[in-house]
Amino acid sequence: MSDSVPIIAQKAPYPVELEAGKTYFWCACGRSQNQPFCDGSHKATGLSPVRFTAEADRKAFLCGCKQSARSPFCDGSHKSL
Ligand code: FES
Ligand code: FES
């Protein structure tokens, strides 16, 4: 059913500053109003956010198109959308 398909939040990654040791929930469904992070909007979709912990303070590019094979990180897949 179409509700269970990720939607494209944007066809580009979101640059974010990650903090070492902090846990994040990347929005996999594309429906969050707080991109690129989950805000609970996936509830009806059957999709779940991707939980990850930053290993260091660093800038990262989190996938906005929700098609990356390396989620939560952008792998360039948005370029072919
Ligand atoms: Fe998209 Fe939670 S709002 S995974
Ligand atoms: Fe999704 Fe780049 S934004 S792969």
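Right above here is the structure, for reference.
The following paragraphs examine the structure supplied in this document. Treat the numbers as computed from the prediction; the structure is a model and nothing was measured.

Definitions and limits used
Residues numbered from 1 in each chain as written. Chains lettered and ligands numbered in written order. Predicted model: local features only at pLDDT ≥ 70, side-chain atom pairs only at ≥ 80, totals over all residues. Heavy atoms only, no water. Helix = DSSP H or I, 4+ residues; strand = E, 2+ residues; numbered from the N terminus. Polar contact = N/O pair within 3.5 Å; in protein donor to acceptor, adjacent residues only side chain to side chain. Phe/Tyr/Trp six-rings, centres within 6.5 Å; stacked < 30°, edge-to-face > 60°. Buried < 20%, exposed > 50% of the residue type's maximum accessible area, 1.4 Å probe, protein only. Core = buried A, V, L, I, M, F, W, Y, C linked by side-chain atoms within 4.5 Å. Contact = heavy atoms within 4.5 Å.

Turning our attention to unusual backbone geometry. Each neighbour pair has its own omega, and for Q35 with P36 the value is 5°, a cis peptide bond. Turning to its location among the elements, P36 is positioned in the loop between strand 2 (23-26) and strand 3 (50-53). That bond from S71 to P72 is cis: its omega, 15°, falls within 30 degrees of zero. On the secondary structure map, P72 appears in the segment after strand 4 (58-62). Positive phi, normally seen in glycine, also occurs at K66, with a value near 70°. If you trace the backbone, K66 turns up in the segment after strand 4.

Next up on the list: the side chain of R31. Within the fold, R31 resides in the loop between strand 2 and strand 3. From its side chain, R31 meets the backbone oxygen of V5 in a polar contact 3.1 Å long. Within the structure, R31 has its side chain in polar contact with the backbone oxygen of C29 (distance 2.8 Å).

To continue, consider the packing of aromatic side chains. Inspection of the entire model under this criterion finds 3 aromatic pairs. Between Y24 and F37 the ring centres are 5.6 Å apart and the planes differ by 25°, which places this aromatic pair in the stacked class. With Y24 in strand 2 and F37 in the loop between strand 2 and strand 3, this residue pair connects regions lying 13 residues apart in the sequence. Y24 gets classed as buried once you look at its relative accessible area, which sits at 8%. Counting every residue linked through ring pairs, the aromatic cluster contains Y24, F37, F52 and F73.

This part takes up the nonpolar core. Membership of the largest hydrophobic core comes to 13 residues, with the highest contact counts inside it found for V16, L18, Y24, W26, F52, A60 and L62. When contributions to this core are tallied by element, the ones reaching two or more residues are strand 1 (14-18), strand 2 and strand 4. Residues contacting W26, with those up to four places away along its chain left out, are P36, F37, C38, P49, V50, F52, L62, C63, K66, S71 and P72.

Mapping P13 onto the fold places it in the segment before strand 1. Taking the C-alpha atoms as reference points, P13 and A60, 47 residues apart in sequence, are found 9.1 Å from one another. In contact with P13, other than residues within four places in its own chain, are F61, L62, G64, C74 and H78.

By themselves, these figures tell us nothing about what the structure is for.
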